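Structure assessment
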Amino acid sequence: MGAHIQEYRPSDDLRPYVQRFWTGCFDGSHAHGLALRVVPNGFLEFILHLTDHHCDLHGAAGWGQSPDHTLIGVQSETYEVRFTRAVEVFAIRLKPAGFCTLFGVPVSELLNTHEDLVAVLGTRFRAFAVRLRDAPGTPARIRAAEQYLLQAVGQRDLAYVNRAAELIRASGGTLRVADVADRVYISTRQLERAFKKTIGLSPKQYMRIARLNRVQKLLREGQHRGLADVAYQAGYADQSHFTRDFKLLVGKPPVRFLSEQEAYVEVDVNPRADA
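1. Here we look at helix α1 (residues 96–103)
- Of all eight residues making up α1, seven are buried, and the element is well covered by its neighbours.
- Residues Pro96, Ala97, Gly98, Phe99, Thr101, Leu102 and Phe103 constitute the buried set of α1.

In structure tokens form, the structure reads like this:
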């Protein structure tokens, strides 16, 4: 596929905020380059380019090279990333309420966007990013990133939105909104308002993304006896509902996705190692 991604678990103290650290090598040096589609996963990505060549992302002005330090907000639909050269990155995948708690920036302001991290977090982040890029290898970068993020944690407490989002991801998006609200001891209306304010999505929209990620895992691991069985295991009422939701988020029906699966980047939102 021309892409190699390696993921690393954060320390226990950072697990409420960080889903994974990861590195990526993307070889777009051949004649047609490399294009990958990224399926919504409910997280934000800090991406630090380790090479002079970057990926290309589509924005209001069309396709353009991403910044040295790129923040990709929570996405509600599949998007494409293009590579025309060899690109290496170090990245941090953050949980949405964790990001808001760490940096005081509502994720709702970053919904379906990609931004220059320095513009969002200020010049202090630029100095950290330079140290991170100059670090001698991935273990040193992870140590530096953990130190930086733990300093940001301080004495702050995670909001109930984070607990609710964790419940949604762990259930594969199969809980009712009212059940999630009950388990974090607030009303359904409070939960809906908090999700829209903090993340920019309603709890139902976030559940749809979590359920899609559950579907991807079933397809990737072959734990099914056909698409009807996938729909059943993922908690859909019927296959037509499953197909409609899948096409809405991915842009293609499940059958076509399966035939083109190597062109997609997928994230396991609730890895067994996090249990």
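Structure's up, so let's keep going.
2. Regarding the nonpolar core
- In terms of nonpolar packing, the biggest core is built from 66 residues, with Phe21, Phe46, Ile92, Phe99, Leu149 and Phe195 touching the most fellow members.
- The element contributing the most residues to this core is helix α8 (residues 203–221), with eight residues.
- Not counting residues up to four positions away in its chain, the partners in contact with Phe195 are Val161, Ala164, Ala165, Ile168, Gly200, Leu201, Ser202, Pro203 and Tyr206.
- Core analysis: the second largest hydrophobic core is formed by 16 residues, Leu34, Tyr79, Val81 and Phe83 among them.

3. Considering the sheet that holds strand β10 (residues 114–116)
- Spatially, the six strands line up as an open sheet ordered β1-β2-β9-β4-β7-β10, and their pairing is antiparallel. In this open sheet, the two strands that pair with only one neighbour each are β1 (3–8) and β10. Here the average twist between neighbouring strands, direction ignored, is 25°.
- Pairing of strand β4 (residues 44–49) with strand β9 (residues 86–94), which is carried by six bridges, proceeds in the antiparallel orientation. Among the inter-strand pairings, Leu48 is bridged to a residue of β9, identified as Phe90.
- Against the sheet, α1 contacts β4, β7 (69–72) and β9, and its axis sits at roughly 65° relative to β4.
- The sheet strands contacting helix α3 (residues 123–134) are β4, β7 and β9, and the helix crosses β4 at an angle near 60°.

4. A short note on the side chain of Asn162
- In this fold, Asn162 is placed in helix α5 (residues 160–170).
- Residue classification places Asn162 among the buried residues on the basis of a relative accessible area of 4%.
- Side-chain polar atoms of Asn162 contact the backbone oxygen of Pro16, separated by 3.5 Å.
- Here Asn162 is in contact with Pro16, Lys95, Ala97 and Gly98, once residues within four sequence places are set aside.

5. Remarks on the confidence of the model for the protein chain
- For the protein chain, the average pLDDT comes to 87, and 95% of its residues sit at 70 or higher.
- Mean pLDDT values for the elements of the protein chain range from 80 in strand β11 (residues 264–265) up to 95 in β9.

6. Considering the pattern of salt bridges
- Under the defined criterion, the tally for this structure stands at 13 salt bridges.
- As a salt-bridge pair, Asp52 and Arg133 come within 3.4 Å of each other at their nearest N and O atoms. Of this pair, Asp52 sits in the loop between β4 and β5 (56–59) while Arg133 sits in helix α3, placing them 81 residues apart in sequence.
- Under the relative-accessibility criterion, Asp52 is labelled exposed at 66%.
- Its relative accessible area of 29% is what places Arg133 among the partly exposed residues.

7. Notes on α5
- Looking at α5, one finds that the buried residues are Val161, Asn162, Ala164, Ala165, Leu167, Ile168 and Arg169.
- The inward-facing, buried residues of α5 abut α1, α6 (177–183), α7 (188–198) and α8.
- With its phi angle positive at about 70°, Gly172 sits one or two positions after the end of α5.

Cut-offs applied
Residues numbered from 1 in each chain as written. Predicted model: local features only at pLDDT ≥ 70, side-chain atom pairs only at ≥ 80, totals over all residues. Heavy atoms only, no water. Buried < 20%, exposed > 50% of the residue type's maximum accessible area, 1.4 Å probe, protein only. Helix = DSSP H or I, 4+ residues; strand = E, 2+ residues; numbered from the N terminus. Core = buried A, V, L, I, M, F, W, Y, C linked by side-chain atoms within 4.5 Å. Contact = heavy atoms within 4.5 Å. Pairing = 2+ DSSP bridges. Axes fitted to C-alpha atoms, helices over the stretch in contact; angles between N-to-C directions. Polar contact = N/O pair within 3.5 Å; in protein donor to acceptor, adjacent residues only side chain to side chain. pLDDT = per-residue confidence, 0-100. Salt bridge = Lys/Arg side-chain N within 4 Å of Asp/Glu carboxyl O.

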